[in-house]
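# Structure assessment
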Amino acid sequence: MVKKILIPLFLFFYFIGFSQNMALSEKASVSILTCGRGDELYTTFGHTAIRIKDSINHLDVVYNYGAFDFRIKNFYLKFVKGDLQYFINASSFEDFIFEYQSENREVVEQTLDFSIKQKQELFELLNASLFSDERSYTYKFIDRNCTSMTVEKINKMIGSDLIQKVDDKSISYRELLYPYFENHFYYKLGINIIFGAKTDSKAVKLFLPVELMHSLSKAKSNGKPLVNKTEVIVKGIPLQATFSFIASNYFIALLLFLIAITNKKPIFLTYLFVAGFLGLFLSLVGLYSLHKEILWNYNVLLFNPLFLIFPLLKSNWEKKVIVVSFVMLGIYLMVMITKPHFFLMIPFIVLHSYILYKLVTKLKQNTSK
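Summary of the structure given here. Keep in mind that what you see is a predicted model, and the values were worked out from it rather than measured.

## Quick word on the packing of aromatic side chains
For any pair of aromatic rings, the description consists of the separation of the ring centres together with the inter-plane angle of the planes. A complete count under the given rule lists 18 aromatic pairs for this structure. For the pair Phe96 and Tyr100, a centre-to-centre distance of 5.2 Å together with 40° between the ring planes defines the contact as tilted. With Phe96 and Tyr100 both in helix α3 (residues 93-102) and four residues apart, this pair spans about one turn of that helix. Pair check on accessibility: Phe96 and Tyr100 agree, each one buried. Measuring from ring centre to ring centre gives 6.5 Å for Tyr250 and Phe343, while their planes differ by 70°; the resulting arrangement is edge-to-face. Of this pair, Tyr250 sits in helix α9 (residues 249-262) while Phe343 sits in helix α12 (residues 342-368); the two residues are 93 residues apart in sequence, bridging distant segments of the chain. Its relative accessible area of 47% is what places Phe343 among the partly exposed residues. Ring pairing ties together the aromatic residues Phe45, Phe141, Tyr173, Tyr180, Phe181, Phe195 and Phe207, which thus form one cluster. In this arrangement the basic side chain of Arg51 is found over the ring face of Phe93, its NZ or CZ atom lying 3.5 Å from the centre. Across from the ring centre of Tyr178, 4.4 Å away, lies the NZ or CZ of Lys188, which sits over that ring.

Here is the structure:
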């Protein structure tokens, strides 16, 4: 979905000189390219782009709303905060497709049944975006990305919400995204820890490339199918799920089990401090970031910021904090029981319960002496 594509210098000047005033011929076509998933994390969700081809005018251009610049100052801070600027760029179809051919990633082309007037209007809209302040937009994981921006442009040209999501709207965004991380266990774990309540709402927005492809195949304009031709440009090789013990929940469970069997309070308190620091981060990043996906994160009930103060507590206060922590853990368990990432979090739930139990047991033993 998100990739960095450089604009060839000759194409840039070509557009400046000619595209704004170019009249497309009757041979012109507009199509949507849906690109398959890759092995790298940034290719996990695939990609969407718009192709405009006109053999009479020797034009074959791909417009891509997924470009960004790693060199921008404070890139990662801006990404976390949610004000990172993505932008539209353009490349020749030949240059665009080369990457997918070399990586054996599928590319499906759906040619849209537009009138020449509609093709011309979309062409001008895209070029206006390419050479104006509209070129950049603030990236949002669900709300604004290469797919949603493509839908926005086409619907704007048509003047109605012709393209709408047809895939299952009854599942949550978290359920929808969960299978995409099969080959990226630690990213799956991290994303499910940092994502908050919004990702558990119903997935009603169209924001994934494959969903757009399905929606286009069902869309109709004036009673006729919007797509008049579908072609696989690059066949691609499907990704194969691979198992690695090191990158699995079993490995996490083993590490947490080793912490548990030490049965040493200093080790328990050290672990709780780290977990509490993570909880504090989850609490504060929700206030800092503009990404709505990380607001109201109930994982702070598990990675409890109260854990940070355990080393400072005296016996009577320690018991009270343990009781509060147990209550919060119980609430977390009730919240999580129906969530798709429940299995991921079980080792942490078990360890935290065990540590709290051992701490309160030692308190009772010390009190009885």
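## Looking at the pattern of salt bridges
Considering all chains together, one arrives at 13 salt bridges under this definition. Across the salt bridge formed by Arg51 and Glu109, the nearest N and O atoms sit 3.0 Å from each other. Linking Arg51 in strand β2 (residues 47-54) with Glu109 in strand β5 (residues 107-112), this pair joins segments that are 58 residues apart in sequence. Its salt-bridge partner being Lys265, residue Glu318 comes within 3.7 Å of it at the nearest N-O pair.

## Quick look at the packing of helix α7 (residues 185-194) against α9
Contact geometry of α7 with α9 gives a least axis separation of 10 Å together with a crossing angle of 70°. With respect to their mutual orientation, α7 and α9 come out roughly perpendicular. Note on element contacts: α9 touches α7 through Asn249, Phe251 and Ile252, opposite Phe185, Tyr186 and Leu189. Classifying every residue of the contact of α7 with α9 gives five nonpolar, one polar and no charged.

Cut-offs applied
Residues numbered from 1 in each chain as written. Predicted model: local features only at pLDDT ≥ 70, side-chain atom pairs only at ≥ 80, totals over all residues. Heavy atoms only, no water. Phe/Tyr/Trp six-rings, centres within 6.5 Å; stacked < 30°, edge-to-face > 60°. Helix = DSSP H or I, 4+ residues; strand = E, 2+ residues; numbered from the N terminus. Buried < 20%, exposed > 50% of the residue type's maximum accessible area, 1.4 Å probe, protein only. Lys NZ or Arg CZ within 6 Å of the ring centre and 35° of its normal. Salt bridge = Lys/Arg side-chain N within 4 Å of Asp/Glu carboxyl O. Axes fitted to C-alpha atoms, helices over the stretch in contact; angles between N-to-C directions. Parallel < 35°, antiparallel > 145°, perpendicular 65-115°, else oblique. Contact = heavy atoms within 4.5 Å. Nonpolar A, V, L, I, M, F, W, Y, C, P; charged D, E, K, R; others polar.

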